Each structure stands twice: as structure tokens, then as C-alpha cells.
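# Overview (structure and organization)
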There are 2 protein chains.
Amino acid sequence: MTQTVDENFELGVPDGDDRERRICQTCGFVDYRNPRIVAGSVVTKGDQILLCKRAIEPRKGFWTLPAGYMELGETIEEAAQREAREEACATIDIDRMLATYSIPRIGQVQVMFRARLVSDFKAGPESIDVQLFDWKDIPWSELAFPTVVWALTHYAETRGKADFVPYGNPPNTDKVTR
Amino acid sequence: MTQTVDENFELGVPDGDDRERRICQTCGFVDYRNPRIVAGSVVTKGDQILLCKRAIEPRKGFWTLPAGYMELGETIEEAAQREAREEACATIDIDRMLATYSIPRIGQVQVMFRARLVSDFKAGPESIDVQLFDWKDIPWSELAFPTVVWALTHYAETRGKADFVPYGNPPNTDKVTR
């Protein structure tokens, strides 16, 4: 049921639209593709930061923040809470939005929150390991994605601040690669 | 080519997934649906605010902010600039993020910016009319969507402020309606 069916699709402009979409040549279904939202959190307990070692590709074995695709029927905050639950069996208390990153090359918008850990934790099915790290022990060379580095460094700038303006992409990282 | 093909789809859980998706019974295509991002702006010139009268459904004939679905290959800011260009033939200078609203009932996240008009303007193909309004003249009873009201009232709170924390949903408007 999950076979690749790309051969059924050809590009065409649907009626009333102004750009090419993938249209199934068998049944006419239009596969509208829009950017997807990744919701995640920098979760802290005291001065320590929660990281998850990925059990799945891409970047299996590398450390990441609890984050993943937002699903229909939830708010961004609920998506971030669900991801912490699924990946780290953790309950988190969301403080405020830390950053919003656009990654056009892969069609993603990532919304990262600052959050506090308010439960125990352990590896969920998508994680090999979950640990709390002191800042000096963060495995920078083993982080899964650039946005994990961005979110951690932006988080560090907000330490001790109750209010702050959420961050966007670091300089020169928002170039559109079509 | 744009016929309704819903009769081909049935709900099922794809391999490696953990929730039901729409799967085409003809070819096995999985129609992953995630929330979509609407990017828009409260565009001002001096003390006046730019509104567009909708030429298309839904809410044809009602006034809205220049906003619309983000497309693949662009940043959120580029999407907001494109929508201002398409709906109001306007070039805008984005200042900063005004608000992010989750509307789970319709599977949307709306990211609204504060922006300045830096060009002439006129109605684009999706607008009947485009006008600059003084605050006292905003047609509150003829606004197209609740989020237009939210963004305008949140914008009013930021007048004269260079920095501010972006707004979220007004109280009691983020209830998940599944």
C-alpha cells in the first residue's frame, strides 16, 4: 500500500491555479504540496538540556531536539508537546516561542519553543537514548541537523531573559535553494 | 483533471506510520496531509492600513489582509511578500513577526508580519478593491476572517514599539476542534 507511485504523476496546472502541481494521470488527483511545519523544543531542567539520540534515519545515531512534523488537529504547541512525549517520554511545560526557521530547500518551517522538563524521561521508539546535558558537554559534532545548532545557540542567548523577540534564521542561511 | 477523486481514497495506516492516512485504492498513493502555513502582513503606510476586498470565495466581497498559502521553495517572509504582490500589486518591507496563530479546525498555522508599504498598489486578480484605511474607518463588520481581526488588534498594541514578543491566539481561540 505504500509503494512508490511517482510514475502515475505528471506536472500540470490545475484549473483555477497558477502553478504546476503533481497530478495523478490515473484519477486526476492533485497532489498539492506545501511546506510542512516541524514543531520542537529546547527542553531544560535547571541548567541542563534534553537531547535525543535518533533511532531512525535520517541522521540515525546523532543527537537532536525533540521535534517533528505537526499533524492536523493540533496547535503548534500541542505538536511540540506530543513530540517530546513520543521521542523522550517527557512531559514539557512550554514557556514561549524561541525561534522560527525557514528551510526552503527541504520545504520546512521549524517552530522551536523554550520549554521546561516537568517529568521523568526515557527513550521513546524513535530514540536510542535520551540524556540531559550540561552546556559544556553538548556533543556539537554529533548533532543531527543545522537547526539543532541554531536553536541551541539561540536558546543560550535567552538564558535569564523572561521576554525576548524570537529568532529567525542565522545570517546567510535563508537563501532559497530551489 | 481537477475532478473530485475522494471516492478512490480510504483511510489506512501506512507501513512505518502510526496514524491513519488517506490512501488511494487504485494506486496506493498516500495522501499525507499536514497543517498548511498561511503567510500574511499588516501593511501600513503612515497611520493607514492596507486591506484587500476579496474577489474570490471564501468570503468574497469581504476585506482581508494580504495573505495566503506558503508555497514550496520560499521562506515565510518571501511568501508574505508574494501575497502582497499578488493581491495588492504592492511591494512591502517586512519589519518583524507580529503573530503566529494555530487554527486546528481548518489545519492552518498563520504567520503574520508587520510590514511597511513601499510602492503604489492596486487590486490584483484575487481582489475587487484595495484601500488604505485609517484605524477609525476599518470596516470591522466586513472583515473576512477572525484572524484578520486578531492581527489588526494585535498590530494596534505594537504601535510605536520597535521590539515586542509576537502574539499567539487570543484567549479561548486555540481549542482543538477535531
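Residues numbered from 1 in each chain as written. Chains lettered and ligands numbered in written order. Predicted model: local features only at pLDDT ≥ 70, side-chain atom pairs only at ≥ 80, totals over all residues. Heavy atoms only, no water.

- Chain A carries the name NUDIX domain-containing protein in an unreviewed UniProt entry, which gives Henriciella algicola as its organism.
- The heading Cofactor (unreviewed entry) in the UniProt record of chain A holds the text "Mg(2+)". (UniProt positions renumbered as here; feature names shortened; annotations may be inferred.)

### A closer look at the relation of the copies chain A and chain B
- For the pair chain A and chain B, the relating rotation is 180°, the translation along its axis is 0.0 Å, and the fit reaches an RMSD of 0.1 Å. As the rotation angle and translation indicate, the two copies are arranged about a two-fold axis. Of every C-alpha in chain A, the one belonging to Val165(A) sits nearest the axis of rotation, 2.6 Å from it.
- A symmetric contact is evident, with 98% of the interface residues of chain A recurring at the interface of chain B. (Least-squares fit on C-alpha atoms with pLDDT ≥ 70 in both. Contact = heavy atoms within 4.5 Å.)

### Focus: the interface of chain A and chain B
- Contacts between chain A and chain B engage 52 residues on the former and 51 residues on the latter.
- Regarding the contact of chain A and chain B, the summed buried area is about 4200 Å², with carbon and sulfur atoms giving 62% of it.
- At the junction of chain A with chain B, the criterion picks out 4 salt bridges.
- Of the charged contacts, one joins Glu71(A) and Arg21(B) as a salt bridge, the two residues approaching to 2.8 Å between their closest N and O atoms.
- Summed over the shared surface of chain A and chain B, the number is 8 residue pairs in polar contact (both at pLDDT 80 or more).
- Elements supplying a minimum of two residues to the side of chain A that touches chain B: β2 (21-24), β3 (30-31), β4 (36-45), α1 (76-88) and β8 (92-103) of chain A.
- A total of 5 residues in the side of chain A that touches chain B trace back to one element, the largest contributor, which is α1(A).
- In terms of residue class, the side of chain A that touches chain B is built from 22 nonpolar, 12 polar and 18 charged. (Buried area = accessible area lost by both parts, 1.4 Å probe. Salt bridge = Lys/Arg side-chain N within 4 Å of Asp/Glu carboxyl O. Polar contact = N/O pair within 3.5 Å; in protein donor to acceptor, adjacent residues only side chain to side chain. Helix = DSSP H or I, 4+ residues; strand = E, 2+ residues; numbered from the N terminus. Nonpolar A, V, L, I, M, F, W, Y, C, P; charged D, E, K, R; others polar.)

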